[in-house]
Structures are given as C-alpha cells and as structure tokens.
Amino acid sequence: MGVITKESVISEVIRCYPEARSVFMMHGMGCLVCMGAFEETIESGARMHRIDLQRLLEELNKVAEK
C-alpha cells in the first residue's frame, strides 16, 4: 500500500496493516467495522472523532513501516 495519507480509506489500511486497528482504537475510533469505515477516509474519520490527523497519520505510518 505504501504511505498512509489522509485520503487513505480506513478499511483498506486495516486490510493491508491489521496491526493498525490498535492505533485507530487507541484514538477512540472503535467503529472500524461499521459501513462508514468501508468508504471513509482517515481524514473524515479523524474529523468526525475530533482526532489530531497529523498524529494519527504518524502513528499509522510507523505501523506500516514495520
């Protein structure tokens, strides 16, 4: 998948990097299996949950680098 960006779809990130689920959960994004997650971008989810987008992306990309 490469670099995770704000345009990345949440479900695609989890599919490529299953360990990313814990990062989303740590930030309070527990609805990872809801219908919205299948089409929702990281930016949209972060905005909806009032999460710092830059911090979330940094943490997700650390997981992707492993």
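Structural data are supplied above this passage.
Residues numbered from 1 in each chain as written. Predicted model: local features only at pLDDT ≥ 70, side-chain atom pairs only at ≥ 80, totals over all residues. Heavy atoms only, no water.

Let's talk about the pattern of salt bridges
- Inspection of every chain in the model, using the stated rule, returns 3 salt bridges.
- Notably, a salt bridge pairs Glu12 with Arg15, separated by 2.5 Å at the nearest N-O pair. Taken together, the residues span about one helical turn, with Glu12 and Arg15 both in helix α1 (residues 10-16) at a distance of 3 residues.
- Among the residues examined, Glu12 registers a relative accessible area of 30% and is labelled partly exposed.
- Note on Arg15: relative accessible area 55%, which makes it exposed.
- Across the pair Arg55 and Glu59 runs a salt bridge whose closest N-O atoms are separated by 3.1 Å. Placement of both Arg55 and Glu59 in helix α4 (residues 53-65) is noted, with a separation of 4 residues, approximately one turn of the helix. (Salt bridge = Lys/Arg side-chain N within 4 Å of Asp/Glu carboxyl O. Helix = DSSP H or I, 4+ residues; strand = E, 2+ residues; numbered from the N terminus. Buried < 20%, exposed > 50% of the residue type's maximum accessible area, 1.4 Å probe, protein only.)

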